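The residues making up each chain are set out below.
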Amino acid sequence: MLGKNPAHLDHFGLKGRVEIWAYRNGELFDHQDVHNIILYTGNAEIIRTLSVVSPTTQPRIINRMCIGDQGTIPADPTVPKVPTKNLTSLFHEIYRKDVDSRELSVNSGVDGSVNQCRFVAQFNAVDVAMSAYANPSQPRVNEVGLVFVNPVSENGLIRTPVTSPDVPPSDEVVLSIRCFKSIPFEVANDVTVTIRYTLYME
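What counts as what
- Residues numbered from 1 in each chain as written.
- Predicted model: local features only at pLDDT ≥ 70, side-chain atom pairs only at ≥ 80, totals over all residues.
- Heavy atoms only, no water.
- Core = buried A, V, L, I, M, F, W, Y, C linked by side-chain atoms within 4.5 Å.
- Buried < 20%, exposed > 50% of the residue type's maximum accessible area, 1.4 Å probe, protein only.
- Helix = DSSP H or I, 4+ residues; strand = E, 2+ residues; numbered from the N terminus.
- Pairing = 2+ DSSP bridges.
- Contact = heavy atoms within 4.5 Å.
- Axes fitted to C-alpha atoms, helices over the stretch in contact; angles between N-to-C directions.

## Digging into the nonpolar core
Core analysis: the biggest nonpolar cluster contains 34 residues, and Met65, Ile67, Phe185 and Ile195 have the highest contact counts within it. If you list the elements that add at least two residues to this core, you get strand 1 (14-24), strand 4 (61-68), strand 5 (93-98), strand 7 (114-124), strand 8 (140-149), strand 10 (173-184) and strand 11 (191-201). Here this core takes five residues from strand 11, the largest share from any one element. Counting eight residues, the second largest nonpolar core, distinct from the first, contains Ile37, Leu39, Cys66 and Cys179.

## Some points on the sheet that holds strand 8
If you walk across this open sheet you meet the six strands as 3-10-8-4-5-9, and the pairing is antiparallel. On the outer flanks of this sheet lie strand 3 (37-38) and strand 9 (162-163), each paired with one strand and no other. Bridge count between strand 4 and strand 5: five bridges; the pairing is antiparallel. Residue pairing across strands places Cys66 opposite Arg96, the latter belonging to strand 5. Against the sheet, helix 1 (residues 40-50) engages strand 3, strand 8 and strand 10, with an angle of about 140 degrees to strand 10.

## Observations regarding the pairing of strand 5
By the criterion of burial, strand 5 is predominantly enclosed, with six of the six residues buried. Inspection of the sheet shows strand 5 paired to strand 9 by two bridges, in the antiparallel sense. Following the sheet pairing, Tyr95 is matched in strand 9 by Thr163.

## Quick look at the pairing of strand 1
Bridging between strand 1 and strand 11 involves 11 bridges; their strand directions are antiparallel. Pairing of Ala22 across the sheet is with Val193, part of strand 11. Note: strand 1 against strand 2 (residues 27-35), eight bridges, orientation antiparallel. Bridged to Ile20 within strand 2 is Gln32.

## A word on the sheet that holds strand 11
Judged by pairing direction, the sheet is antiparallel, and its five strands sit side by side in the order 2-1-11-7-6 without closing on themselves. Only two strands of the sheet have a single neighbouring strand rather than two, namely strand 2 and strand 6 (101-108). Each neighbouring strand pair of the sheet contributes to a mean axis angle of 15 degrees, computed without reference to strand direction.

## Observations concerning unusual backbone geometry
Geometrically, the link from Ser164 to Pro165 is a cis peptide bond, its omega value of 10 degrees lying close to zero. Mapped onto the fold, Pro165 is located in the loop between strand 9 and strand 10. Backbone geometry places Asn25, a non-glycine residue, at a positive phi of 50 degrees. The residue Asn25 is located in the loop between strand 1 and strand 2 in this model. Of note, the phi angle at Asp190 is positive, near 50 degrees, even though the residue is not glycine. Along the chain, the position of Asp190 falls in the loop between strand 10 and strand 11.

In structure tokens form, the structure reads like this:
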């Protein structure tokens, strides 16, 4: 007899937590703690990695993070948009780079139920060209995504940052997205944003 939820709806899958710290001239001025959405394209890359059987289905690795500036509704920069799973990119990506560090926890916790990986990247306003923004007169950050790469492609594992409107390598696929309230990203105020993106399974 089936329970309340059929077996195919047991909610087995990845979940994500996004923590954001914003600093102005070295002083913390904003902190946000939110959850993400896994995209259909991201799910496809996960299945590809789980089912590697030949060189044509090479595994993917999460090794990049991207940020953008169109993650809030036009009328209010404090109200995040709600992404849908059929998206394949941020609403408007401005910058992409390799993650700075990662922390893996497998079978940890008192009962071994903690299985997660934390990806951390710091973004500096000075590294993003004004031409990358949708509105250069109002530089801001309000969306973030984790990015899969094919580590055995000609692009390698360690890659240079990509600033809009330049296009990242074709093997890079956005796994997940989170929109959040806008953070002013001003070079004059030495703004940096540190993002810790945790993926976990329950």
